[in-house]
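Structure at a glance
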Amino acid sequence: MFVNSINHYIIIRGCSKLTGWPVRRVVIDGMKIRYRDEGKGYPIVFVPPWSSSSLVFEESANLLKNDGVRVIRLDMPGWGGKSGPMLLEPTFDNYLEILTKFVKSLKLKRYALLGYSLGVPLAIHAITKRKLNPDKLILVSAFHSKRTPFEAHQELAQRSEWFSRVKQLGIPWGNFT
């Protein structure tokens, strides 16, 4: 079906409005995982930071894909953009499994893995737990913490429920009420 409107075409075809490259999907554990696969050459798999999407790598992708690099940008479920809903159990290990299964679904013999922010500990854990074996590891804005954003998010949700209940009951709690 040919569509005259470019915006309509982009929506129907699932192309990135910024790059024009098609958004692809792979089904992992029953979930449709979105990603962008651009350029030809040595592949680099990009793992985005928490609450971001593959669009955070847009400028890098535009430079690299024209320089003989295949750029594969993953959208983690619930992290940003149109990446789909958050996992029912948004734990570090569950996202680690998605990353592992995603990379294995690509059937790459040689590749580099680039982690940005929270993508860094995911990439490092995937390698140290021998789930993935990239030729190269690229770390951008790396951090290490005993607590991940997933744990902090769960703790915040629990505290919010508790504080909300305290406020409903009219119990004085510092400057909270």
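Described in the following lines is the structure provided in the data block. (Residues numbered from 1 in each chain as written. Predicted model: local features only at pLDDT ≥ 70, side-chain atom pairs only at ≥ 80, totals over all residues. Heavy atoms only, no water.)

1. Considering the overall build of the chain
Helix and strand counts for the chain come out as five helices and six strands. The order of helices and strands in the chain, counted from the N terminus, is α-β-β-β-α-β-α-β-α-β-α. The burial tally for the chain puts 38% of its 177 residues in the buried class. Taking all contacts inside the chain whose residues are at least 6 apart in sequence as the whole, residues at least 24 apart take part in 63%. Surface exposure of the chain reaches about 10,900 Å², of which carbon and sulfur atoms provide 54%. (Helix = DSSP H or I, 4+ residues; strand = E, 2+ residues; numbered from the N terminus. Buried < 20%, exposed > 50% of the residue type's maximum accessible area, 1.4 Å probe, protein only. Contact = heavy atoms within 4.5 Å. Areas by Shrake-Rupley, 256 points an atom, 1.4 Å probe, with all protein chains shown as cover.)

2. Overview of the pattern of salt bridges
This model, assessed by the stated rule, comprises 11 salt bridges. Linking D29 and K101 is a salt bridge whose minimum nitrogen-to-oxygen distance equals 3.0 Å. You can see D29 sitting in the loop between β1 (23-28) and β2 (31-38) and its partner K101 sitting in helix α3 (residues 92-105), a full 72 residues away along the chain. Its relative accessible area of 55% is what places D29 among the exposed residues. The salt bridge involving R73 is made with E58; its shortest N-O contact spans 3.1 Å. Of this pair, R73 sits in strand β4 (residues 69-75) while E58 sits in helix α2 (residues 58-65); the two residues are 15 residues apart in sequence, bridging distant segments of the chain. Overall, the relative accessible area of 8% leaves E58 in the buried class. Each of E38, E58, K65 and R73 takes part in salt bridges that share partners, so that together they form one network. (Salt bridge = Lys/Arg side-chain N within 4 Å of Asp/Glu carboxyl O.)

3. Notes on the pairing of strand β3 (residues 42-47)
Look at any regular strand and the pattern is simple: side chains alternate between the two faces of the sheet. Within β3, five of the six residues are buried, leaving the element largely enclosed by the surrounding structure. In the sheet, β3 pairs with β4 via five bridges, with the strands oriented parallel. For F46, the partnering residue across the bridge sits in β4 and is R73. Between the parallel pair β3 and β4, the chain is carried across by α2, and the sense of this crossover is right-handed. Bridge analysis of β3 against strand β5 (residues 112-116) gives four bridges, and the strand direction is parallel. Paired with I44 across the bridge in β5 is A112. (Pairing = 2+ DSSP bridges. Right-handed = clockwise from strand over helix to strand, strands pointing away.)

Don't take any of this as a statement about function, it's just geometry.
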